[in-house]
Amino acid sequence: MSNGAVVLGDDDLLEPTLQSILDQKTLRWIFVGGKGGVGKTTTSCSLAIQMAKHRKSVLLISTDPAHNLSDAFSQKFGKDARLVNGFDNLSAMEIDPNGSIQDLLAAGGDGAEEAMGGMGGMGNMMQDLAFSIPGVDEAMSFAEVLKQVKSLSYEVIIFDTAPTGHTLRFLQFPTVMEKALAKISQLSSQFGPMLNGILGARGGLPGGGSLDDVLEKMESLRETIAEVNGQFKDADMTTFVCVCIPEFLSLYETERMIQELSSYEIDTHAIVVNQLLFPKKDNPCEQCNARRKMQKKYLDQIEELYDEFNVVKMPLLVEEVRGKERLEKFSEMLVQPFVPPE
């Protein structure tokens, strides 16, 4: 995989910041992912704040049904892009990638859903058959989101992804859509003439839609997915930032995610390690020191495993990182390495 990381001086250590991502002017898509509870949303919001200093326009999208962006910025976001308070070039939106297929087909008033439903039992059977292919519902929802995003002229789009497991499913969507289209085409050619005859006798449909509308809609979404997937596999345009905490399960999950990204040919060269403890040397707190010792063990493993990555170390703060000011302060540490107290 290509590596956009910045090298420090003569030694082989890569810079422990996300500066290389900010400097990569060709980047259009940035995914931020990791297990739940590792500070993924805080990291994606902070990266978006820093990115807004370098680009004309940045869009932050949450595909996590938990809708954490609203909580992080203390501002309500929805399925339409909205400017983040206090910024003129940073917008955010929260979408549910599992929207129902009926909602999508009904959207735009193309009558496609009525076309299916209006055909009676046969139409319902065709709809059920076409959409029984695993992942079609989600694929169409994600394609709809990408289509909307593509029509907006943001320079960079940052995805705060749902917890690992769902993160990379969209890369299989072109295949899923091909199967669904093939199934609908086959059914259409078999039963189309008969169904059109039935519809003609009934005087047509209330929505004026037809089976062709469904095919057309799905084909246009498939093209969007195929085009964007090509961009996702281009390291100049796309990168994935892994977020973790220095614990066994999180380290294991990160390794699994990086291997999966590699198999999908998605560039990744940055890891943000959150919630690090830096107790002072004379700190009498036994729990702090014991936990720091455990964290150090996993941090050493991360640095050894990912010596070709920018490994960013973020401290555990005494207060929650919520609201614009605290997020801005936290975001500074993504580009200026945190210096622990003596």
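Residues numbered from 1 in each chain as written. Predicted model: local features only at pLDDT ≥ 70, side-chain atom pairs only at ≥ 80, totals over all residues. Heavy atoms only, no water.

Looking at the overall build of the protein
We count it as follows: Secondary structure is summarised from DSSP: a helix means a run of H or I of at least four residues, a strand means a run of E of at least two, and numbering begins at the N terminus for each. Residue burial is assigned from relative accessible area. The probe radius is 1.4 Å, only protein chains are included, and a residue is buried under 20% of its type maximum, exposed over 50%, and partly exposed in between. Contacts were defined at the residue level, with two residues in contact if any of their heavy atoms lie within 4.5 Å. A 1.4 Å probe and the Shrake-Rupley method give the accessible areas. Residues count as covered only by the protein chains that appear here.
The helix and strand inventory of the protein stands at 12 helices and eight strands. Considering the protein as a whole, with its 342 residues, one finds that 50% of them fall into the buried category. Within the protein, counting contacts between residues at least 6 apart in sequence, those at least 24 apart form 78% of the total. Summed over its atoms, the accessible surface of the protein is roughly 15800 Å², and 52% of this surface lies on carbon and sulfur atoms.

With respect to unusual backbone geometry
Of note in this structure, glutamate 265 is not a glycine but carries a positive phi near 60°. With relative accessibility at 51%, the residue glutamate 265 sits in the exposed group. The backbone of glutamine 275 shows a phi angle near 65°, a positive value even though the residue is not glycine. Topologically, glutamine 275 is positioned in strand 7 (residues 270-276). A residue is classified by how much of its surface remains accessible, and glutamine 275, at 29% relative accessible area, is partly exposed.

Things to note about the UniProt feature "binding site: Zn(2+)" (unreviewed entry) in the protein
Applied cut-off: UniProt positions are given in the numbering used here, feature names are shortened, and annotations may be inferred rather than shown by experiment.
Following the UniProt record, the feature "binding site: Zn(2+)" (unreviewed entry) maps to Cys285 and Cys288 here. Examined against the element boundaries, cysteine 285 turns out to sit in the loop between strand 7 and helix 11 (286-305). Structurally, cysteine 288 is set in helix 11. Residue classification places cysteine 288 among the partly exposed positions, given a relative accessible area of 23%. If sequence neighbours within four positions are ignored, cysteine 288 has contacts with Leu277, Pro279 and Asn283.

Quick look at the nonpolar core
Rules: Buried Ala, Val, Leu, Ile, Met, Phe, Trp, Tyr and Cys residues form a nonpolar core when they are joined through side-chain atoms within 4.5 Å.
Counting residues in each nonpolar core, the largest one holds 44 residues, and the members touching the most others are Trp29, Ile61, Ile157, Phe159, Ile271 and Val273. By residue number, the principal contributor to this core is helix 9 (residues 211-232), which donates six residues. For isoleucine 271, the residues in contact, after removing those within four places along its chain, are Cys242, Cys244, Thr254, Ile258, Tyr306, Phe309, Asn310, Val311 and Val312. In this structure, Phe73, Ile158, Leu327 and Phe330 belong to the second largest nonpolar core, which totals 38 residues.

Concerning the pairing of strand 2 (residues 58-62)
Rules: One requirement defines pairing of two strands: DSSP has to find at least two bridges between them.
For strand 2, the tally of buried residues reaches five of five residues, placing the bulk of the element in the interior. On strand 2, burial covers both faces: Val58, Leu60 and Ser62 on one face and Leu59 and Ile61 on the other are all buried. One ladder, built from five bridges, connects strand 2 with strand 4 (residues 90-94); its direction is parallel. From the neighbouring strand, leucine 60 faces strand 4, where its bridge partner is alanine 92. Here five bridges tie strand 2 to strand 5 (residues 156-160), and the two strands are oriented parallel to one another. What sits directly across from leucine 60, in strand 5, is isoleucine 158.

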